[in-house]
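Summary of structural features
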Amino acid sequence: MTSICKSIAIGFVLLLFASNSCTNKTKTSQASNLDIVYFEEFDTSILKSLKLDIKKFYGINTNSVKYDKLPISTYYSPRNRYRADSLIKYLNLHKKQSNNLVLGLCTKDISVSIHKAKDWGVFGFGYCPGNSCIVSSFRLKKDSKPGYYSRIKNVVLHELGHNLGLTHCQDTTCLMVDAKGKMSSIEGENRKLCLNCQQYLNGN
Ligand SMILES: [Zn+2]
Ligand SMILES: [Zn+2]
């Protein structure tokens, strides 16, 4: 999920779902476990629900690990953001130790080079397929708009879907839709995969 921005306000009207690196439906092996690496002041009160929802949605068991600050090597000072692609490389180092999929959760703004933009602000990012993804709460209006948990859950499930081999989906009701700037595309308590995406994950 992505959104470019020169400010938070602008960011919200631009792309939410990103991961445009997903062009091939290459199957990845279904991971049995996931490590959630959460940084700094990330709201840990939602971790329990998130673990349950990930298990319910993908059948993946989750452990959580606290890390301190985001690595300074991933910081992009001209925009006061952290590079999501660099963070994924960093998380892949964790993956080498644990051999689990890795989901990074942070509160700082994150960005990637996509859509012909050098630095495009994103909600989350994950390669397709991949071993790690990163989700930021920075743009999800935690304190100012109801439904924060649903938004972060939907972004998490979307990016994990990329890691598991799902590309963006044309079905506008599907969790894997490329939201293209619409906050509405990441809202909703019961967003699901469409039949096609579900069948792909099931190997049919
Ligand atoms: Zn995406
Ligand atoms: Zn779909």
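Quick summary incoming for the structure in this document. Computed from a predicted model, the values in this text were never measured in an experiment.

Thresholds applied
- In this convention, every chain numbers its residues from 1, walking through the sequence in written order.
- Chain A is the first chain written and ligand 1 is the first ligand written, with later ones labelled in order.
- Note on the predicted model: pLDDT of at least 70 is required for a residue's local features to be given, and 80 or more for side-chain atom pairs to be given and counted; whole-chain, interface and lining totals, by contrast, use all residues.
- Helical segments are the DSSP runs of H or I of at least four residues, strand segments are the runs of E of at least two, and each set is numbered from the N terminus.
- Partly exposed residues are those falling between the two cut-offs: more than 12 but fewer than 20 other C-beta atoms within 10 Å of their own, whereas 20 or more means buried and 12 or fewer means exposed, with C-beta atoms placed from the backbone.
- Contact criterion: two residues are in contact if their C-beta atoms, reconstructed from the backbone, are within 7 Å.
- Following DSSP output, two strands are said to pair if at least two bridges run between them.
- To define axes, lines are fitted to C-alpha atoms, for helices over the stretch in contact only, and angles between the resulting N-to-C directions are given on a 0 to 180 degree scale.
- By this rule the span expected of a helix is its residue count minus one, scaled by 1.5 Å.

**Some words on the overall build of the protein chain**
- Along the backbone of the protein chain there are 5 helices and 9 strands.
- For the protein chain, the N- to C-terminal ordering of α and β elements is α-β-α-β-β-β-α-β-β-β-β-β-α-α.
- Put simply, the protein chain has 204 residues, and 46% of those count as buried.
- In the protein chain, the share of contacts with a sequence separation of at least 24, taken over all contacts with a separation of at least 6, comes to 70%.

**Let's talk about the sheet that holds strand S9 (residues 132-136)**
- Taking strand neighbours across the sheet as the criterion, the 5 strands line up as S2-S1-S5-S9-S8 in an open arrangement whose pairing is mixed. The sheet is open, and its two edges are formed by strand S2 (61-67) and strand S8 (124-126), each paired on a single side. Sheet twist, expressed as the mean angle between neighbouring strand axes with direction ignored, is 20°.

**Concerning helix H2 (residues 47-58)**
- Counted at 1.5 Å a residue, the expected span for H2 with its 12 residues is 16 Å, and the 16 Å between its end C-alpha atoms agrees.
- Against strand S1 (33-39), S2 and helix H4 (148-163) lie the buried residues of H2.

**A closer look at the sheet that holds strand S4 (residues 81-83)**
- Spatially, 4 strands are ordered S3-S4-S6-S7 in an open sheet, and the strand pairing comes out mixed. Edge positions in the sheet fall to strand S3 (75-76) and strand S7 (117-122), since each has one partner strand and no second.
- Of the strand pairs in this sheet, strand S6 (residues 110-114) and S7 are connected by 4 bridges, and their pairing is antiparallel. For Ser 111, the partnering residue across the bridge sits in S7 and is Gly 121.

**Here we look at the pairing of strand S5 (residues 101-106)**
- Counting buried positions along S5 yields 6 of 6 residues, so the element is predominantly enclosed.
- Side-chain alternation along S5 places Leu 101, Leu 103 and Leu 105 on one buried face and Val 102, Gly 104 and Cys 106 on a second face that is also buried.
- Bridge count for S1 against S5 is 5 bridges, and the pairing is parallel. Across the sheet, Leu 34 pairs through a bridge with Leu 101, a residue of S5.
- Note that S5 and S9 share 5 bridges and pair parallel. Within S9, the position partnered with Leu 105 by the bridge is Val 135.

**Overview of H4**
- For H4, spanning 16 residues, the distance from its first C-alpha to its last is 23 Å, which sits close to the expected 22 Å at 1.5 Å a residue.
- Counting buried residues along H4, 13 of its 16 residues qualify, which places the element largely inside the surrounding structure.
- Positive backbone phi, approximately 110°, marks Gly 165, located one or two places after H4.

**Points about the pairing of S1**
- Of all 7 residues making up S1, 6 are buried, and the element is well covered by its neighbours.
- Sheet topology note: the S1/S2 ladder contains 7 bridges and is parallel. Along S2, the bridge assignment pairs Phe 39 with Tyr 67.

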